[in-house]
Amino acid sequence: MIIRVKVNGRLYESDVEPRTLLAYYLREELKLTGTHIGCDTTSCGACTVLLDGKAVKSCTVLAVQANGREVLTVESLDQDGQLHPLQSAFWEEHALQCGYCTPGMLMASYALLQENPMPTEAEIREGLSGNICRCTGYVNIVKAVQSAARTMADKTREALGEVAASGTATD
Amino acid sequence: MFPNAFRYEAPTSVDEAIRLMTEYGYDGKVLAGGQSLLPMMKLRIAAPAVLIDINGVDDLRGWREVDGTLRIGAMTRHAELEHSAELREQFPLLSRTARWIADPLIRNRGTIGGSLVHADPASDWGTAMMALHAEVEVRSPEKSRRIPIDEFFVDTFATSLEENELAVAVHLPAPAGPVAARYMKLERKAGDFAIAGLAVHIGLGGDGLVCDAGIGICACGPIPLRATKAEAALIGQPLTDETISAASKLVPEDADPTDDLRGSAVYKRDLLRIFASRALREIAEELHGKVGIQ
């Protein structure tokens, strides 16, 4: 079946077998191997991507279900070689050891911060409850998300300040 | 892990979905949120020849009031019910239940209709729908009908739906007075199915007495069960220490748990009693303040 999917801002047209899972489509067809397959049973969240803005486990969505929709993978986070604040925070806070689960953690955290820019620790833990890390534990991961939230809020304030200072605000 | 090969159909209307179900019969399987069906297909526990994906049927999404009931479309996702502020006052059990279903990623995808039709005995929605006295609206080429939730679950993973019937919505009676609800669940790890769970929905009349009592039992029988005796004991009563204690002791009498690796039947029965007591106390506090239930 022919599907047209926008992945990380780029439109792809592919002929896929209906039973192809989105995670495998991203990895094997589009070679976007940042999306990891961990448990393959909808438990671990290593395969988390955003489908039309919502975090989903891509091992439990068919590629054909992404037809006409938009997908964001971990490859979308960095901009021009600059790490996303979430990625920097994971680095700074030592929020990973083996790193296998990290792409899923990043995408679940990204989705969380889109909906709730300043989550409490409890909200972060709840937001990441579908993502399993088996070597680090969650303390540093939670710290990293908190740190990234602060950085992103500062950046937003700076951007708003610049707009105000340059006099281009319309109201 | 790959599912078996199947033919994929993506209808965009209810009529088209039902036509495809009629055409393919038992070869066809409806795909809603897919959070149970796709894992089962990957493990080859399920191997439908045709998958009828109803994610593109917009008519099945969202909710509205119809003749004194809240009609929730079958494809409404768990997360939408979890986060809806507008439903919280009249139907607090919806968000309280939704937040216990699996994890946020699965809740973004899974649907209330898919969950009910899957008919898992540990279904959080099945249990909550018991407490809310829901009816499931189903459509076939010939007719539309509403199935009371007590007649909907037939056995584990089996409902009273006919082969070409599509569950299109659930209807919840709108409460007349103040209501409060709790969903209590013991799980082995975050996002797991329940070892035992309980949904409690209480409505009060103008006289302060219980006029609506709904108690659903999760994972303690082949289907979600109703704590009939406890409900009857509460109707017409005030929520006091005595009535709460008496009703809580009756809840396990309608449960049918089994011994398994997660706990003995005796343990699960006792959990239900404790859950009922906690839930009813919290509900009483919410509805009355602490007066009369010291």
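Predicted model only: the values in this text are computed from it and were never measured.

Draft legend 1. Representation of the domain arrangement of chain A. All names here are of chain A. Domain boundaries assigned for chain A yield domain 1 (2–76) and domain 2 (85–165). Inter-centroid distance (C-alpha atoms) of domain 1 to domain 2 is 22 Å. Between domain 1 and domain 2 we count one salt bridge in total. Ionic pairing is found between E115 and K54, a salt bridge with its closest N-O pair at 3.4 Å.

Draft legend 2. Geometry of the nonpolar core. Core analysis: the largest hydrophobic core is formed by 68 residues, its most contacted members being L94, W125, M129 and I202 of chain B. Element by element, the count of residues in this core is highest for helix 11 (residues 265–288) of chain B, at eight residues. Of the domains in this structure, domain 2 (58–173) and domain 3 (179–292) of chain B are the two that each give at least three residues to this core. Setting aside residues up to four positions removed in sequence, M129 of chain B forms contacts with L94, I112, L116, A134, I149, V170 and L172 of chain B. Counting 33 residues, the second-largest nonpolar core is a separate cluster that includes Y12, I37, C59 and V64 of chain A.

Draft legend 3. The interface of chain A and chain B, seen in detail. With 28 residues of chain A in contact, the opposing surface of chain B contributes 26 residues. Together chain A and chain B conceal approximately 2200 Å² of surface at their shared face, both sides included; 61% is due to carbon and sulfur atoms. Among the residues chain A hides against chain B, the three largest losses belong to R19, T60 and Q65 of chain A. Together they make up 26% of the total. At the boundary of chain A and chain B, one finds three salt bridges. Where chain A packs against chain B, one counts 10 residue pairs in polar contact (both at pLDDT 80 or more). Elements with a contribution of two residues or more to the side of chain A that touches chain B: strand 3 (48–51), strand 4 (54–57) and helix 4 (121–127) of chain A. The dominant element in the side of chain A that touches chain B, judged by the number of residues it contributes, is strand 4 of chain A, at four residues. Considering only residue class, the side of chain A that touches chain B consists of 13 nonpolar, nine polar and six charged.

Draft legend 4. Geometry of the UniProt feature "domain: FAD-binding PCMH-type" (unreviewed entry) in chain B. When the UniProt feature table is mapped onto this chain numbering, "domain: FAD-binding PCMH-type" (unreviewed entry) sits at residues 1–177 of chain B. Counting secondary structure, residues 1–177 of chain B comes out at 30% helix and 24% strand; the distance between its end C-alpha atoms is 51 Å.

Draft legend 5. Layout of the pattern of salt bridges. Within this structure, the stated rule accounts for 29 salt bridges over all chains. Between D192 of chain B and R188 of chain B there is a salt bridge; the shortest N-O distance is 3.5 Å. Exposure remark for R188 of chain B: the relative accessible area of 56% places this residue in the exposed category. Ionic contacts of the salt-bridge type, sharing partners, join the residues E126 of chain A together with E82 and R107 of chain B into one network.

Draft legend 6. Up close: the packing of helix 10 (residues 241–250) of chain B against helix 11 of chain B. Residue and element names in this part refer to chain B. For the pair helix 10 and helix 11, interaxial distance at closest approach is 8 Å and the crossing angle is 150°. Taken together, the axes of helix 10 and helix 11 are roughly antiparallel relative to one another. In this structure, helix 10 meets helix 11 at a crossing whose hand is right-handed. Mapping the contact onto sequence places D241, I244, A247, S248 and K249 in helix 10 and R273, A276, S277, L280, R281 and A284 in helix 11.

Draft legend 7. Spotlight on the environment of G137 of chain A. Tracing the backbone through its elements, the reader meets G137 of chain A in the loop between helix 4 and helix 5 (139–166). Judged by relative accessible area, G137 of chain A falls into the partly exposed class, the value being 28%.

Draft legend 8. Structural detail: a nonpolar patch on the surface. A contiguous nonpolar patch, built from M1, L43 and I45 of chain B and spanning about 280 Å² of accessible area, is present on the exposed surface. Note on M1 of chain B: relative accessible area 33%, which makes it partly exposed.

Draft legend 9. How the structure looks around the packing of helix 2 (residues 85–92) of chain A against helix 5 of chain A. Residue and element names in this part refer to chain A. The contact between helix 2 and helix 5 brings their axes to 8 Å, and the two run at 140°. Relative to helix 5, the element helix 2 is oriented oblique. Judged by the twist between their axes, the crossing of helix 2 over helix 5 is right-handed. Together, P85, L86, A89 and F90 of helix 2 and I141, A144, V145, S147, A148, T151, M152 and K155 of helix 5 make up the contact between the two elements. Tallied by class, the residues present in the contact of helix 2 with helix 5 amount to nine nonpolar, two polar and one charged.

Draft legend 10. Spatial organisation of helix 1 (residues 14–24) of chain B. Residue and element names in this part refer to chain B. Among all positions in helix 1, only V14, A17, I18, L20, M21 and Y24 are buried. The arc that holds the buried residues of helix 1, viewed along the axis, is 160°, so those residues lie on one side. Looking at the buried positions of helix 1, the neighbouring elements they touch are strand 1 (7–9), strand 2 (28–31), strand 3 (50–53), strand 6 (135–139) and strand 10 (166–173). Once helix 1 finishes, G25 follows within two positions and takes phi at roughly 55°, a positive value.

Draft legend 11. Quick look at the sheet that holds strand 12 (residues 194–204) of chain B. Residues and elements named next belong to chain B. If you walk across this open sheet you meet the four strands as 11-12-13-14, and the pairing is antiparallel. Pairing within the sheet leaves two strands with one partner each, and these edge strands are strand 11 (179–187) and strand 14 (225–226). The pairing of strand 12 with strand 13 (residues 210–218) spans eight bridges and is classified as antiparallel. The residue of strand 13 that forms the bridge with L198 is I217.

Draft legend 12. Structural context of the environment of M129 of chain B. All names here are of chain B. Counting through the fold element by element, M129 comes out in helix 7 (residues 124–131). Residue classification places M129 among the buried positions, given a relative accessible area of 0%. Sequence separation between M129 and I149 is 20 residues, and the spatial gap between their C-alpha atoms is 6.8 Å.

Draft legend 13. Just the domain arrangement of chain B, in detail. When cut into domains, chain B gives domain 1 (7–53), domain 2 (58–173) and domain 3 (179–292). Distance between the C-alpha centres of domain 1 of chain B and domain 3 of chain B: 36 Å.

Draft legend 14. The sheet that holds strand 5 (residues 70–72) of chain A, seen in detail. Residue and element names in this part refer to chain A. An order of 2-1-5-3-4 is seen for the five strands of this open sheet, with the pairing classed as mixed. The open sheet has two edge strands with one neighbour each: strand 2 (10–15) and strand 4. The mean angle between the axes of side-by-side strands here comes to 35°, regardless of whether they run parallel or antiparallel. Bridge count for strand 3 against strand 5 is two bridges, and the pairing is antiparallel. In the sheet register, L50 faces strand 5, and the bridge partner there is L72. On the sheet, helix 3 (residues 102–115) packs against strand 3, strand 4 and strand 5 and is oriented at approximately 40° with respect to strand 3.

Rules behind the numbers
Residues numbered from 1 in each chain as written. Chains lettered and ligands numbered in written order. Predicted model: local features only at pLDDT ≥ 70, side-chain atom pairs only at ≥ 80, totals over all residues. Heavy atoms only, no water. Domains from an automatic or database assignment. Salt bridge = Lys/Arg side-chain N within 4 Å of Asp/Glu carboxyl O. Core = buried A, V, L, I, M, F, W, Y, C linked by side-chain atoms within 4.5 Å. Buried < 20%, exposed > 50% of the residue type's maximum accessible area, 1.4 Å probe, protein only. Helix = DSSP H or I, 4+ residues; strand = E, 2+ residues; numbered from the N terminus. Contact = heavy atoms within 4.5 Å. Buried area = accessible area lost by both parts, 1.4 Å probe. Polar contact = N/O pair within 3.5 Å; in protein donor to acceptor, adjacent residues only side chain to side chain. Nonpolar A, V, L, I, M, F, W, Y, C, P; charged D, E, K, R; others polar. UniProt positions renumbered as here; feature names shortened; annotations may be inferred. Axes fitted to C-alpha atoms, helices over the stretch in contact; angles between N-to-C directions. Parallel < 35°, antiparallel > 145°, perpendicular 65-115°, else oblique. Left-handed = near helix turned anticlockwise from the far one by under 90°. Patch = residues over 30% accessible without salt bridge, like charges linked within 9 Å, V, L, I, M, F, W, Y side chains within 5 Å. Areas by Shrake-Rupley, 256 points an atom, 1.4 Å probe, with all protein chains shown as cover. Arc of directions from axis to C-beta. Pairing = 2+ DSSP bridges.

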